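Read off the chains here:
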Amino acid sequence: MRATTRAARSRRWGNRPGGDSPGRLVLRFAALGYLGALLLAPVGLVFYRTFEHGLGAVWDSVTTPAAISAFWLTVEVAVIAVVLNTVFGVIAALTLARGRFRGKWLLDALIDLPFAVSPVVIGLALVLVYGRDGWIELPFEVIFSLPGIVLATIFVSLPFVVREVTPVLREIGDEQEQAAATLGASGWQTFWRITLPAIRWGVTYGVVLSTARAIGEFGAVSVVSGKVAGETMTLTLLVEQRFTNYDLAGAYAASALLAVIAFATLLVMTRVRPR
Amino acid sequence: MIVLIPLAAVVVKATEASFWHAVTSPRALAALELSVGASLVVAAVNAVAGTLIAWVLVRDRFAGRGVVNALVDLPFALPTIVAGLTLLALYRDVAYTRWAILLALLFVTLPFVVRSVQPVLIELDPEMEEAAASLGATSAQSFRRIVLPNLWPAIVSGAALAFARAVGEFGSVVLISGNIPRKTEVAPVFIFGQIESDAVASAAAISVVLLAISLIVLVAIRRLDT
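Because the structure is predicted, anything quoted here is derived from the model rather than measured.

A.B. asks: I'm lost on the overall build of chain A in this one. Help?
C.D. replies: Assigned secondary structure in chain A consists of 14 helices and 0 strands. If you list the helices and strands of chain A from N to C, you get α-α-α-α-α-α-α-α-α-α-α-α-α-α. Taking the principal axes of the C-alpha coordinates as reference, chain A spans close to 65 × 60 × 30 Å. Residue burial in chain A is summarised as follows: out of 275 residues, 41% are buried. Relative to all contacts within chain A whose residues are 6 or more apart in sequence, the contacts with residues 24 or more apart total 75%.

A.B. asks: Hey, could you run me through the overall build of chain B in this one?
C.D. replies: Broken down by element type, chain B carries 12 helices and 0 strands. The order of α-helices and β-strands along chain B, N terminus first, is α-α-α-α-α-α-α-α-α-α-α-α. With respect to the three principal axes, the spread of C-alpha positions in chain B is 65 × 40 × 30 Å. Across the 226 residues in chain B, those meeting the buried criterion constitute 50%. Contacts in chain B between residues at least 24 apart in sequence constitute 79% of all its contacts with a sequence separation of at least 6.

A.B. asks: Is there a simple way to explain the interface of chain B and chain A in this structure?
C.D. replies: Contacts between chain B and chain A engage 59 residues on the former and 60 residues on the latter. Among the elements that line the side of chain B that touches chain A, the one with the most residues is helix α12 (residues 200-225) of chain B, at 9 residues. When grouped by side-chain class, the residues that make up the side of chain B that touches chain A number 46 nonpolar, 7 polar and 6 charged.

A.B. asks: Help me understand the domain arrangement of chain A, please; the structure alone is not making it clear to me.
C.D. replies: Size of an interface: often given as the accessible area lost when the parts come together. Residues and elements named next belong to chain A. What the domain assignment reports for chain A is domain 1 (18-52) and domain 2 (55-272). Between the C-alpha centres of domain 1 and domain 2 the distance comes to 31 Å. On the side of domain 2, 7 residues touch domain 1, which itself brings 6 residues to the contact.

A.B. asks: How should I be thinking about the nonpolar core in this particular structure?
C.D. replies: It is characteristic of soluble globular proteins that their nonpolar side chains tend to be buried jointly. Of all hydrophobic cores here, the largest spans 156 residues; its most connected members are Leu124 of chain A together with Val10, Ala104 and Ile206 of chain B. Considering every element that reaches this core, the biggest residue donor is helix α7 (residues 98-123) of chain B, with 13 residues. Sequence-distant contacts of Leu124 of chain A, defined by excluding residues within four places in its chain, comprise Val223 of chain A together with Val10, Ile191, Ile195, Ala203, Ala204 and Ser207 of chain B.

A.B. asks: Which parts of the structure should I look at to understand the environment of Gly148 of chain A?
C.D. replies: All names here are of chain A. You can see Gly148 is positioned in helix α8 (residues 146-157). Residue Gly148 is classed as buried on the basis of its 24 C-beta neighbours within 10 Å. When neighbours within four sequence positions are excluded, Gly148 is seen to be in contact with Leu126, Tyr130, Val142, Ile143, Val224 and Ser225.

A.B. asks: Where do I start with the packing of helix α7 (residues 119-130) of chain A against helix α11 (residues 187-196) of chain B in this structure?
C.D. replies: Each pair of packed helices gets described by two things: the angle between the helix axes and the distance between those axes. Contact geometry for α7 of chain A and α11 of chain B: axes closest at 9 Å, N-to-C directions at 25°. Taken together, the axes of α7 of chain A and α11 of chain B are roughly parallel relative to one another. Crossing handedness for the pair α7 of chain A and α11 of chain B: left-handed. Residues Val120, Val121 and Leu124 of chain A of α7 of chain A form the contact with α11 of chain B, whose participating residues are Pro188, Ile191, Phe192 and Ile195 of chain B.

A.B. asks: Please explain the environment of Ala47 of chain B as it appears in this structure.
C.D. replies: Residue and element names in this part refer to chain B. Residue placement: Ala47 occurs in helix α3 (residues 26-59). Assessed through the 21 C-beta atoms surrounding it within 10 Å, Ala47 is described here as buried. Residue contacts for Ala47: discarding those within four places in its chain leaves Val113, Ile155 and Ala159.

A.B. asks: Honestly, the confidence of the model for chain A in this entry has me stumped. Any pointers?
C.D. replies: The predicted coordinates ought not to be read in detail in places where the model reports low pLDDT. Mean pLDDT over chain A works out to 86, with 92% of the residues at or above the 70 mark. When the criterion is pLDDT under 50, residues 1-18 of chain A qualifies, and its contacts beyond four places in sequence or with other chains add up to 6 contacts.

A.B. asks: How should helix α9 (residues 159-172) of chain A be read in this particular structure?
C.D. replies: Residues spaced three or four apart along an α-helix point in a common direction, a consequence of the helix completing one turn every 3.6 residues. Residues and elements named next belong to chain A. Over its 14 residues, α9 runs 21 Å from end to end, which matches the ideal 20 Å to within 8%, given 1.5 Å per residue. The complete set of buried residues in α9 reads Pro159, Phe160, Val161, Val162, Arg163, Glu164, Val165, Thr166 and Leu169. In this structure, the buried residues of α9 make contact with α4 (65-98), α5 (104-111), α6 (113-116), α8 and α11 (187-216). Once α9 finishes, Gly173 follows within two positions and takes phi at roughly 70°, a positive value.

A.B. asks: Where do I start with unusual backbone geometry in this structure?
C.D. replies: Comment: phi is negative for the bulk of residues other than glycine, and the bulk of peptide bonds are trans. Backbone geometry at Phe144 of chain A places phi at a positive 65°, although glycine is not the residue there. Looking at where Phe144 of chain A falls in the secondary structure, it is placed in the loop between α7 and α8. Looking at Phe144 of chain A, the number of C-beta atoms within 10 Å reads 18, which means it is partly exposed. In the Ramachandran plot, Asp198 of chain B falls in the positive-phi region, its phi being about 65° despite a non-glycine side chain. Tracing the chain through its elements places Asp198 of chain B in the loop between α11 and α12. Assessed through the 9 C-beta atoms surrounding it within 10 Å, Asp198 of chain B is described here as exposed.

A.B. asks: Before we go on, may I ask you to explain the environment of Ile53 of chain B in this structure?
C.D. replies: Note that Ile53 of chain B resides in helix α3. Since 27 C-beta atoms lie within 10 Å of it, Ile53 of chain B is described here as buried. Spatially, the C-alpha atom of Ile53 of chain B lies 9.1 Å from that of Val113 of chain B, the residues being 60 residues apart in sequence. Not counting the four nearest positions on each side in its chain, Ile53 of chain B is found in contact with Ala31 and Leu35 of chain A together with Val72 and Val114 of chain B.

A.B. asks: Any chance you could explain the confidence of the model for chain B here in plain terms?
C.D. replies: Per-residue confidence for chain B averages 90 on the pLDDT scale, and 98% of its residues sit at or above 70. Interface confidence in the predicted complex, given as ipTM, is 0.90; pTM for the same model is 0.89.

What counts and how
- Residues numbered from 1 in each chain as written.
- Chains lettered and ligands numbered in written order.
- Predicted model: local features only at pLDDT ≥ 70, side-chain atom pairs only at ≥ 80, totals over all residues.
- Helix = DSSP H or I, 4+ residues; strand = E, 2+ residues; numbered from the N terminus.
- Buried ≥ 20, exposed ≤ 12 C-beta atoms within 10 Å, placed from the backbone.
- Contact = placed C-beta atoms within 7 Å.
- Nonpolar A, V, L, I, M, F, W, Y, C, P; charged D, E, K, R; others polar.
- Domains from an automatic or database assignment.
- Core = buried A, V, L, I, M, F, W, Y, C linked by C-beta atoms within 7 Å.
- Axes fitted to C-alpha atoms, helices over the stretch in contact; angles between N-to-C directions.
- Parallel < 35°, antiparallel > 145°, perpendicular 65-115°, else oblique.
- Left-handed = near helix turned anticlockwise from the far one by under 90°.
- pLDDT = per-residue confidence, 0-100.
- Expected span 1.5 Å × (residues − 1).

What follows is the structure, given as structure tokens:
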């Protein structure tokens, strides 16, 4: 209902006589100019610089052993973090949308915290808890190795799934779930057959956003990684390392690889964006 | 728990050394001032530019609007270190100045105001504006009297989010700012340097200040939403 009136409305606006008045054109070019100067021109230039010496050099630069190991480490970390975040995110969203308990507002507020806290502070926090003389002693090394990188990545991408799924759950209400329960479905059956299908687009969108953030995280990972080439060097850390070692072409090539991943993410985002 | 315990550890660590001494050292103060100042400027620029972009995306019609709409999310999808390198490649001339910091922060915070204003603008009924126009109001008048008051909460909450993000931003700034102490060193870069040089307590003290700022902004936004 609402969608149709909105469509009708936008059609009316689009067909308004004199739609391209001078004022409107000025605003349009101001907005596009701002976006062009800030986003498109710099990103375009990096692609140009990357490929100006031909594809071969780029290929060599992203297939060095260090680059390949950084790529797979990034993928490994992102997969672990996103899977854990998705499971946690759905549970947390169910708790927030369906549960009634004291301190719910606190949980609601705290979940956004990783968005507002500086990545460097998150890295420092993890070092203080899991590092040398930290609060928690684990039998294996966390800081300066894989678990630390995974923890940092989970931390920064924690809120995405929760934030996308909670509003969907609130929107759909729990009538269908109650009906299923009345008909004798167990909690699990209700979840798999009713709840999950209803929230699948919200979950997908949250997963896409978490993946992008997990692959691109730099600040928090930079603090906890130790940056050992071939061991704890992620793609974003590789970009920085190559840049500081005056390997500009190598930094651009690794950046272009990350930018391609970002554009792919963008494409998926526009396909599944909840309306 | 995974969030709270580590953050509590930062607060505890900050109290170990002399908190005030660490926070009020000239270098720390300069870094905090620069971060907060630059972020305020960035929030203000975003409030204007973000509203403009949202307006053009919702009310204007032109070829490629869908592509532009998708591109607005690019700063969220692009790793911050890549964003920094990208800006450095094009804007060499301003590198290692405070302008470079503004540029990097504007890049990474671009989507916030656009994405908070856009849905409100879509829902806003153009009939009110048409009524205003038929009563003889100029489009500037109807924007100021009718559109702006309706968008105001969305603009403010988007700008506040942009501010919170800008205060803590690290990846995009670290390459382009040059990190000259007391000139172009922002607070997160300063904290990072302190960690690297094993001055963890001092790093924790500055972190607590940043944490306090983010908490205040979060609470303020929540107030605004309800």
